[in-house]
Amino acid sequence: MNTDMLYALRDPAGVPSHPLVFLILGVITFALHMAAVQVMLGAGALTLRGAFSAHAHWRRLAAAMLTTSKIAVSVAVVIGVAPLLFVQVVYDPFWYTSNVLSAWWVIGFIFLLIAGYIALYVFYWKNHDIAADGGKGGLWLVASLAMLLGVGFIVHSLTNQMLFPEQWMAWYAPGGVVQPNGQALHYWNLPRFGFFIALSAPVTGAWLYAYRRYLQASSHVDASFITWLAPLAQKLMLVGGVVAVLLGAWWMATLPEKMAWFALSPWSLVALLALLATVSVPLLLGKRMDQGLWGYVTFAVGAVALIVVGAMREVLRYVTLLGSHGYDALDYRINMDWYSTGLFFSTFGVLGGVTLAYLITVAWQAGQTEGTYTPSPAVNRLGSMAIGLLVLWTVSYFLVGFYVWAR
Ligand code: HEM
C-alpha cells in the first residue's frame, strides 16, 4: 500500500477544523475513556473479590464498587465515542480499512458490549444487599468482566491493524485468494493490551483514595472502614503500578522493527515518569491525604498521567505512519467550518460544564446529607439551566439544519 494510495483514501471534503485540534481532542478523550474503562474493570474486580468474602468491610466495598462499575461502563461507552470520532476524521484511510478487514468483529463488538452490560445488571439484580447478605451468582459478574475485556480486545486489535498498511493485502487476500468475509482479527500485541488493562489497578487505587476522602467528609463516618481502605488503595497503586510498568516494558521490547525507535526515546520515558509521579503522590502527601481536597489529588494526577500516556501513544502512531508510510495526519485539507467548531466547543464547555456541575453538586451534597436530601434553590436553578441549555442546543441544531436545507 503506497503513500499515494493512502492519500487517495482520504475524505475529499477535508476536515472542518485544523487536524491538530482533532489530534489533541483525540488524546484527551482517549485518556478519559481509559480512566472510565480502568475504573470499570478495577471496581468490577473488587466487587468479585469482596462480594463473597466473610469480611464485612470487603462486602461493603463490593456493594459500593458494583454501583461504581455499573456507572463506569456507561461513562466508558459514552466517552469512547469521542476518540472514535476523532480517529476516524484524521486517520480515516487507516481506521476504515482496519474496520472493513475485521467487519464481523466491529459489529460483534456491539453485541458483546450489550451482553456484557446485561450480565453486569443481572448480577446487580440478584444482589440487593451485598453488605448484609454476601454475593450470589458470581458467574454473571465473571462473564460480564470477560465480555467487557473482549470488547476492549477488539478495539485494541482494530487500533493496531491500522498501523500496518504493508500487511493489509496479505490479510485481505492471503496467498492471493480474496477473503472478503471480515471474520478475522489479524493483529494484536498482548503486552500492549495488558499494559492498558493492568493500569486499572493503580487507577482504581487512586479512585479508592478519592472514595475514602468522600466518605470522611460525610456526617456518618465509619472510621474502621476508612482506615481499612487506605492500605488496600496503596497496595493497588504500588503492586498494580509495578505490573503495569513491567508490561509496558515488555510492550516496548516487542515493538515491531518500524516502531522500535520509540522504546528508548524520551517519549516513552516521559510516560514512565508520569506514571511514577502518580504512584508517589500518596507517599509524598502522607497524612495530608485526609485533609481538604488532597485526598482527590492522586486521581487528578493520575488523569493527567493518562493524558501523557495517551499523547505518547499518539506520537508512536503519528510518527510511524509518517516515517514508514509517508502519511502526515497534519496535512489534511482544511475546509474550515466555524459553526460546527463553535458548536462543538460551546457544547463541550457550556452545556457540558453546567450539566456536569449540577450532577456533581447533587451527588456530592446527597452523599454528605443524613436522611432525605433536598437541593437548595440555587442547585435547582443550575439543574433548570442545564435543561434549558439542552433545549436551546436542540432547537439551534434543527434551525441551522433547516436553514441549510432550505437555502
Ligand atoms: C467497555 C469495554 C471497553 C474496554 C475494556 C475498552 C478498552 C480499550 C483499550 C484497552 C484501548 C486501547 C487499545 C490500544 O491502544 O491498544 C481502547 C481504545 C479505544 N476505545 Fe475502548 N474499550 C471499551 C469500550 C469502548 C467503546 C464502547 C468504544 C466506543 C464507543 C470504545 C472506543 C475506543 C476507541 C475509539 C479507542 C482507540 C482510540 C484511538 O486509537 O485513538 N471503547 N479501548
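For clarity, every value in this text was computed on a predicted model and none was experimentally measured. (Residues numbered from 1 in each chain as written. Predicted model: local features only at pLDDT ≥ 70, side-chain atom pairs only at ≥ 80, totals over all residues. Heavy atoms only, no water.)

Caption draft 1: Just helix H14 (residues 338-367), in detail. For H14, spanning 30 residues, the distance from its first C-alpha to its last is 42 Å, which sits close to the expected 44 Å at 1.5 Å a residue. The sharpest bend along H14 comes to roughly 35°, located at glycine 352. Taken together, the buried positions of H14 are occupied by Thr341, Leu343, Leu351, Val354 and Gly367. Close packing links the buried residues of H14 with helix H10 (200-216) and helix H15 (377-406). (Helix = DSSP H or I, 4+ residues; strand = E, 2+ residues; numbered from the N terminus. Expected span 1.5 Å × (residues − 1). Bend = angle between axes of the 7 residues up to and from the residue. Buried < 20%, exposed > 50% of the residue type's maximum accessible area, 1.4 Å probe, protein only. Contact = heavy atoms within 4.5 Å.)

Caption draft 2: Region of the structure containing the domain arrangement of the protein. On domain assignment, one finds that the protein holds domain 1 (3-336) and domain 2 (338-407). The straight-line distance from the C-alpha centre of domain 1 to that of domain 2 is 27 Å. Facing the twelve residues of domain 1 at the interface are eleven residues of domain 2. Surface buried jointly by domain 1 and domain 2 totals about 990 Å² across both partners, of which 62% is contributed by carbon and sulfur atoms. Where domain 1 touches domain 2, the interface holds zero salt bridges. Taken together, the links from domain 1 to domain 2 amount to six residue pairs in polar contact (both at pLDDT 80 or more). (Domains from an automatic or database assignment. Buried area = accessible area lost by both parts, 1.4 Å probe. Salt bridge = Lys/Arg side-chain N within 4 Å of Asp/Glu carboxyl O. Polar contact = N/O pair within 3.5 Å; in protein donor to acceptor, adjacent residues only side chain to side chain.)

Caption draft 3: Expanded view of the packing of aromatic side chains. The final tally for this structure, using the stated rule, is 30 aromatic pairs. Seen in terms of ring centroids, tyrosine 91 and phenylalanine 94 are 6.5 Å apart; in terms of plane orientation they differ by 80°. Their pairing is edge-to-face. Take phenylalanine 94: its relative accessible area is 0%, and that puts it in the buried class. In this arrangement the basic side chain of arginine 10 is found over the ring face of tyrosine 332, its NZ or CZ atom lying 4.2 Å from the centre. (Phe/Tyr/Trp six-rings, centres within 6.5 Å; stacked < 30°, edge-to-face > 60°. Lys NZ or Arg CZ within 6 Å of the ring centre and 35° of its normal.)

Caption draft 4: Representation of the packing of H10 against helix H13 (residues 294-325). Put simply, H10 and H13 touch, their axes get as near as 7 Å, and they point 150° apart. The angle between H10 and H13 places the two elements in the roughly antiparallel class. Crossing geometry of H10 relative to H13 is assigned as left-handed. Between H10, through Val203, Ala206, Trp207, Tyr209, Ala210, Arg213 and Tyr214, and H13, the contact on the second element is made entirely by Gly295, Tyr296, Thr298, Phe299 and Leu306. Along the lines of polarity and charge, the residues of the contact of H10 with H13 split into nine nonpolar, two polar and one charged. (Axes fitted to C-alpha atoms, helices over the stretch in contact; angles between N-to-C directions. Parallel < 35°, antiparallel > 145°, perpendicular 65-115°, else oblique. Left-handed = near helix turned anticlockwise from the far one by under 90°. Nonpolar A, V, L, I, M, F, W, Y, C, P; charged D, E, K, R; others polar.)

Caption draft 5: Local environment of the site of the ligand. Lining the immediate environment of the ligand, one finds 24 residues, of which His33, His156, Arg192, Arg313 and Arg317 sit closest. Within the side chain of arginine 317, an N or O atom sits 2.8 Å from an oxygen atom of the ligand. In this structure the site holding the ligand corresponds to the second largest pocket. For the shell around the ligand, the elements supplying multiple residues, two or more each, are helix H2 (19-51), helix H3 (56-90), helix H5 (103-126), helix H7 (138-161), helix H9 (190-198) and H13. When residues of the shell around the ligand are assigned to their parent elements, the largest contribution, seven residues, is made by H7. Looking at side-chain class alone, the shell around the ligand contains 15 nonpolar, six polar and three charged residues. (Near = heavy atom within 4 Å. 1 Å grid on protein atoms, 1.4 Å probe; cavity = no way out; pocket = protein on both sides within 12 Å on 5 of 7 lines; lining within 4 Å. Sits in = over half its atoms within 2 Å of the grid points.)

Caption draft 6: Seen up close, the side chain of asparagine 99. In this structure, asparagine 99 sits in helix H4 (residues 92-101). A relative accessible area of 13% means that asparagine 99 is categorised as buried. With near-sequence residues (within four places) excluded, asparagine 99 lies in contact with Val106 and Leu158.

Caption draft 7: Spatial organisation of the nonpolar core. Membership of the largest hydrophobic core comes to 71 residues, with the highest contact counts inside it found for Met40, Tyr91, Phe94, Phe195, Leu255 and Tyr327. Here this core takes 13 residues from H2, the largest share from any one element. The next biggest cluster of nonpolar side chains, apart from the first, holds 22 residues, and it includes Leu61, Tyr211, Ile226 and Trp228. (Core = buried A, V, L, I, M, F, W, Y, C linked by side-chain atoms within 4.5 Å.)

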